[in-house]
Amino acid sequence: MICFRILVILVALGTVCDAENKCHIAGIDTPGDDIRVVKKNNFDECKRACSAEKSCAKVTYVPKEIFRKYNCYLKKAGNAGRKRDRHSHFATLPCKDLWTSCPSGQKVGSDYKTCEDCPENTRSDGGRIDSCSKCPAGTRTYTTPGGVKINECIACPAGQFGASPGAGCSTCPANTYSSRTGATSCTPCPAGQTSAVGQTECTSSEA
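On a predicted model such as this, the values are computed, not experimentally measured, just so you know.

Asks: Explanation requested: the overall build of the protein in the structure shown.
Replies: Of the regular secondary structure elements, the protein holds two helices and 17 strands. Every one of the 207 residues in the protein was classed for burial, and the buried ones make up 35%.

Here's what the structure looks like:
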């Protein structure tokens, strides 16, 4: 999406573009709301520093050729106004570059700066993601007896099935069975045979 930058409106409204383009707004500074100032070699390094700072919601970078000592301003969320500065480069949430990076098994929370566990029957490799991947049909996640969720999708055991991605495992209904692991459906018992719920085989219904 092309950003149409109208300088007269820019100070008040920011760049007219989508959230991803909040990752680089040239020629703008936001005096105030500073957390700390650090020295970085480029704008990307400055944004990574903000990502690692839990309270950082926006950042202003001035090239080191202009400010040779400290040139990366990590800033908290606030109401500081914007002003034009031809040397400055600005980024603000929800720019993905500023999100915290989460470990495997977690995703970024709604504030972009905290991590949350993936929901049941989903997993993640971590990083700057805001959703977790559903386990494939016929699989589920596993939680240890100590309450630790394992970040892997494992096959449904025999006698159970997982009909769709993220659905987890359910026991086979009565008069059906599943003899293998990872089943996505249960098989009806043949004529003359029955089963209780969660069975791996059917038995003769004859007395």
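Asks: Is there a simple way to think about the side chain of K47 in this case?
Replies: Following the sequence through the fold, K47 ends up in helix 2 (residues 43–52). Of the residues examined, K47 reaches a relative accessible area of 6% and is grouped as buried. Side chain to side chain, K47 and D97 meet in a polar contact 3.0 Å long. Aside from chain neighbours lying at most four places away, what touches K47 is C23, V59, A91, D97 and L98.

Asks: Before we go on, may I ask you to explain a nonpolar patch on the surface in this structure?
Replies: Where nonpolar side chains cluster on the molecular surface, the patch consists of Y142, V148 and I150 and spans about 230 Å² of accessible area. Residue placement: Y142 occurs in strand 10 (residues 139–143). Residue class for Y142 comes out partly exposed when judged on its relative accessible area of 34%.

Asks: I keep staring at helix 2 and nothing clicks. Help me out?
Replies: What sets the pattern is the α-helix's 3.6 residues per turn: residues three or four places apart point alike. Considered for burial, the residues of helix 2 that qualify are F43, C46, K47, A49, C50 and S51. Considering only its buried residues, helix 2 is in contact with strand 3 (58–61), strand 4 (72–75) and strand 5 (83–92). With a side-chain oxygen lying 3.2 Å from the backbone nitrogen of D44, the N-terminal cap of helix 2 falls on N42.

Analysis parameters
- Residues numbered from 1 in each chain as written.
- Predicted model: local features only at pLDDT ≥ 70, side-chain atom pairs only at ≥ 80, totals over all residues.
- Heavy atoms only, no water.
- Helix = DSSP H or I, 4+ residues; strand = E, 2+ residues; numbered from the N terminus.
- Buried < 20%, exposed > 50% of the residue type's maximum accessible area, 1.4 Å probe, protein only.
- Polar contact = N/O pair within 3.5 Å; in protein donor to acceptor, adjacent residues only side chain to side chain.
- Contact = heavy atoms within 4.5 Å.
- Patch = residues over 30% accessible without salt bridge, like charges linked within 9 Å, V, L, I, M, F, W, Y side chains within 5 Å.
- Areas by Shrake-Rupley, 256 points an atom, 1.4 Å probe, with all protein chains shown as cover.
- Salt bridge = Lys/Arg side-chain N within 4 Å of Asp/Glu carboxyl O.

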